[in-house]
Every structure is written in C-alpha cells, then in structure tokens.
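# Observations on the model geometry
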Amino acid sequence: MNQAKRRTVIAGNWKMNMTPSQTTALINEMKTTLPAEPACDVVLCVPFVDIAAAKAAAEGSVIKVGAENVHFEEKGAYTGEISAQMLTECGVEYVIVGHSERRQYFGETDDTVNLRLLAGVKAGLTVILCVGELLGEREKGITAEIVSLQTKVALRNIDADMLKKVIIAYEPVWAIGTGLTATSDQAEEVCSIIRGVLAEKYGDDAAQGVTIQYGGSMNAGNAAELLSKENVDGGLIGGASLKAADFAKIVEASNQ
Ligand code: 13P
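This is a predicted model, so every value here is computed, not measured.

## Things to note about the pairing of strand β2 (residues 41-45)
For β2, the tally of buried residues reaches 5 of 5 residues, placing the bulk of the element in the interior. By the alternation rule, side chains of β2 split into Asp 41, Val 43 and Cys 45 and Val 42 and Leu 44, which are all buried. In this sheet, β2 lies alongside strand β1 (residues 9-13) in parallel orientation, the contact comprising 5 bridges. Bridge pairing in β2 links Ile 10 to Val 42. Crossover handedness for the path β1 to helix α1 (residues 20-33) to β2: right-handed. With helix α2 (residues 51-58) bridging β2 and the parallel strand β3 (residues 63-67), this β-α-β connection has right-handed handedness.

## Looking at the site of the ligand
With respect to spatial proximity, the complete set of residues near the ligand consists of Asn 13, Lys 15, His 99, Glu 171, Ala 175, Ile 176, Gly 177, Gly 216, Ser 217, Leu 236, Gly 238 and Gly 239. The contact in question runs from an oxygen atom of the ligand to an N or O atom on the side chain of Asn 13, over 3.0 Å. Between the ligand and His 99, the relevant distance is 2.8 Å, taken from an oxygen atom to a side-chain nitrogen or oxygen of the residue. Look at the ligand: alone it shows 310 Å² of surface, and the protein chains cover 95% of it. The residue inventory of the shell around the ligand, partitioned by class, reads 3 nonpolar, 7 polar and 2 charged.

## Focus: the side chain of Ser 148
Tracing the backbone shows Ser 148 in helix α7 (residues 143-154). Not counting chain neighbours up to four residues away, the residues in contact with Ser 148 comprise Ile 193 and Val 197.

## Structural notes on the packing of α1 against α2
Orientation of α1 relative to α2, taken along the N-to-C sense of each, is 25°, at an axis distance of 8 Å. Judged on the interaxial angle alone, α2 and α1 are roughly parallel. Once α1 is placed against α2, the crossing between them reads as right-handed. Residue-level inspection shows Pro 20, Thr 23, Thr 24, Ile 27, Asn 28 and Lys 31 of α1 in contact with α2, the latter providing Ala 53, Ala 54, Ala 57 and Ala 58. Split into classes, the residues belonging to the contact of α1 with α2 amount to 6 nonpolar, 3 polar and 1 charged.

## Concerning helix α9 (residues 184-202)
Look at α9: 26 Å from first C-alpha to last across 19 residues, which is about the 27 Å you get at 1.5 Å a residue. For α9, the full list of buried residues reads Ser 184, Ala 187, Glu 188, Val 190, Cys 191, Ile 194, Arg 195, Val 197, Leu 198 and Tyr 202. Remark: Gly 203 follows α9 within two positions and exhibits a positive phi of approximately 95°.

Thresholds, definitions, all that
Within every chain, residues take consecutive numbers counted from 1 along the sequence as written. In view of the model being predicted, local features appear only for residues whose pLDDT reaches at least 70, and side-chain atom pairs are presented and counted only at 80 or more, with totals across whole chains, interfaces and linings using the full set of residues. Note that the side-chain values use all heavy atoms of the structure and ignore hydrogens as well as water. A 1.4 Å probe rolled over the protein chains alone gives each residue an accessible area, and that area as a share of the maximum for its type sets the label: buried under 20%, exposed over 50%, partly exposed in between. Secondary structure follows DSSP: runs of H or I at least 4 residues long count as helices, runs of E at least 2 residues long count as strands, and numbering of each begins at the N terminus. Any two strands with at least two DSSP-identified bridges between them are counted as paired. For a crossover, the right-handed case is the one in which the path from the first strand over the helix to the second runs clockwise, viewed with the strands pointing away from the viewer. We call a residue near a molecule or strand whenever a single non-hydrogen atom of that residue lies within 4 Å of it. By the criterion applied in these results, polar contacts are pairs of N or O atoms within 3.5 Å in which, for protein atoms, one can donate a hydrogen and the other can accept it, and in which residues neighboring in sequence qualify only through two side-chain atoms. Throughout, the Shrake-Rupley method with a 1.4 Å probe supplies accessible areas, and for residues the shown protein chains are the sole cover considered. Each residue is assigned to one class: nonpolar for Ala, Val, Leu, Ile, Met, Phe, Trp, Tyr, Cys and Pro, charged for Asp, Glu, Lys and Arg, and polar for all the others, Gly among them. The contact definition used throughout considers only heavy atoms, calling two residues in contact when any of these lie within 4.5 Å. Axis geometry follows a simple rule: fit a line to the C-alpha atoms, using only the stretch in contact for helices, then measure angles between N-to-C directions, giving values from 0 to 180 degrees. Angular relationships are summarised with four words: roughly parallel below 35 degrees, roughly antiparallel beyond 145, roughly perpendicular across 65 to 115, and oblique for the angles in between. Note on convention: near helix rotated counterclockwise from far helix by under a right angle means a left-handed crossing. Clockwise means right-handed. How far a helix is expected to stretch is found by multiplying one less than its residue total by 1.5 Å.

Put into structure tokens, the structure is as follows:
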C-alpha cells in the first residue's frame, strides 16, 4: 500500500452468511475489537436483508456498510434483484460487483459486471470491482491477459471522474475459500498489472489514486505481508471477516 497516494480499504465480504440478529451481535463484538482510529477505511459488505441491522449496529463506529451486488436497471420486472437507489436509501455506501462466485454460479459476464458497475457509480456508491483468474488460466500463463480484459470491459464508459468511485479487488479464484493465498509477490505483480491498465486508459496520476485490494484467503497471519506491497492497497476478506478478532487484526495490519 502507499497511503500517501491512495486510501487503504479493508472490506469484509460476508457472502451468504449471518442473519440479521447474528449481524447485530457480530458488529457489536467488532466494535470492541477494531482499533478506534484505523489507518484504513473499514467496510462490511453484507447480505441485503442484513443491511438495516448492520447500519444500526455500526452507527457511531468506523464501520461502513456495503452490499454484495446491485442490479443495473433503476427499477422494473427483475424478480429478486436490488437497485442502486434501494441501496443508497438504506444508507449503503459500497457495493461489490463481479465477484467470481457471481460469475461462476449466476452467469455474470464482463458485460453485466460493467453495467452493474455503471449503475452503482452513477448512484454515488463506491463500487468494488472483482477481477481474477482461474487456476487453469494461471497455469497457462495468461493471468495478465485475463485480468486486464476483465478490468477493461468492466470499466467501459467509466470516465476519470467516475473512476474515483471505483475500487478494484484482485481475487485469484484459486485462492478464494481454499486456504491457498497468493504470495505477496504474486499479488503485487497482478495488482501492478491492473494499475498499468488503468494508467493506459486514464493516465498515471489517476491510476495512482485507485485503491487496488487483494482478496483470497487473506487472514490475520498474512495480511501485514500482503499489505506491505506497494500496489496492494487493502483486502477483500471472506472467511476472516466473520470473526471479530481476526478481522480486527487485518485492519490493524494497515497501521504498519
Ligand atoms: P476468503 O477470504 O474466504 O478466501 O474469500 C475471499 C473472497 O472471496 C472475498 O470476496
């Protein structure tokens, strides 16, 4: 991370975990474990039905609340979907788009990710765009191509001003929920490739301002090493964001 140039952001992604009452209990616990003045922004992206409980519990703390997805239309016949305006009215400030689980299980494509990102940014949300290669793609040596393409398509029609509301999360799919973490060098290499893609499109100054997180089995034990890298500006944390003590340690690692 380079805190002189950009914000460090530690975000939890709770995925399909926690009921509203469990949300209240976990955030109350986190308020006792998190540092009072962290050197990073602290975000919890929670299931839609937990947003109200999360907002209430997080009030007066450093925790900001995010959602895990957003639809690209403003309203209409899209059963089961949630619009950006619905999220902002609930006090949501962040939203994840393009998570590999959405791509893998729910038919999300680079094009739909682009539309969701646009809708989120236009509504004033800070959008966490996930990109990352499959194990087979890494083994074929095409990680840079895959991640660059995902980034470019997702950022179609996003101008330099809108880019200020975008965070990119590099999440190698083989590292998600597997206990396998990318080495800090692997994470740095791909995060810096992503920054290069941004520099090509928006210029170096704008690219330097973008927060690029790493995600994939990031935990209390490996966070400091990953965050020590110049281009790793935070983390998108799955499993370890469901444990108050572990999540607090990851947040503390940004104080180095
Ligand atoms: P884990 O931290 O559980 O590997 O999940 C990472 C992730 O998918 C965050 O979005």
